[in-house]
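Fold and geometry: a report
So you can see what is in the structure, the chains are spelled out below.
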Amino acid sequence: MAVLVFTRLQDHPRETYFATSGALIVGRIDCISAAPGAEQWSWGMNLDIGGLPFRRGGVAADRPGAVAALNEAWGDWKTWAGLRDLDTLEP
C-alpha cells in the first residue's frame, strides 16, 4: 500500500483534494472556511472493504493538519486490515 497522493479537484467550488493510494480512493479533504484567522478544513475517510466499514473524519485548523490526520487514519486502517507497506517488509 503506497503513501497517499493528494490531487486537487479543479472544477470544485472550494479547495478540495481526493486522497488516493494506487487506484484506491481513500478519502478527501475540503476547505470549509478560508477566512483569515478562521481557516478550517474537513477530512474524511470511508473504506467499506470487507465485512466492516472503516470510517474516520474530523476538522483541522489548516490543510497540513487535515493531511496529517488523514495520513494517521490511513495508517490506522492499514494496521486494522493487517497490511504493511512494502518498504517495511523484511526479506
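Structure first, text after, so check above.
On a predicted model such as this, the values are computed, not experimentally measured, just so you know.

To continue, consider the sheet that holds strand E5 (residues 54-60). Strand order in the open sheet formed by five strands is E1-E2-E3-E4-E5, with antiparallel pairing between adjacent strands. One side of each edge strand has no neighbouring strand; the edge strands of this open sheet are strand E1 (5-8) and E5. Ignoring strand direction, the axes of neighbouring strands in this sheet form an average angle of 20°. In this structure, strand E4 (residues 40-47) lies alongside E5, joined through seven bridges in antiparallel fashion. The partner of Asn-46 across the bridge, within E5, is Arg-55. Its contacts with the sheet put helix H1 (residues 63-80) on E1, strand E2 (16-21), strand E3 (24-33), E4 and E5, and the angle it makes with E4 is roughly 15°.

Here the focus is the pattern of salt bridges. Taken as a whole and assessed by the stated rule, the structure comprises four salt bridges. The partner of Asp-30 in a salt bridge is Arg-14, with the nearest N and O atoms 4.0 Å apart. Here Arg-14 lies in the loop between E1 and E2 and Asp-30 lies in strand E3, a separation of 16 residues in the sequence. In this structure, the salt-bridge partner of Arg-28 is Asp-30, at a minimum N-O distance of 2.9 Å. For Arg-28, a relative accessible area of 29% gives the class partly exposed.

Rules and cut-offs
- Residues numbered from 1 in each chain as written.
- Predicted model: local features only at pLDDT ≥ 70, side-chain atom pairs only at ≥ 80, totals over all residues.
- Heavy atoms only, no water.
- Pairing = 2+ DSSP bridges.
- Helix = DSSP H or I, 4+ residues; strand = E, 2+ residues; numbered from the N terminus.
- Axes fitted to C-alpha atoms, helices over the stretch in contact; angles between N-to-C directions.
- Contact = heavy atoms within 4.5 Å.
- Salt bridge = Lys/Arg side-chain N within 4 Å of Asp/Glu carboxyl O.
- Buried < 20%, exposed > 50% of the residue type's maximum accessible area, 1.4 Å probe, protein only.

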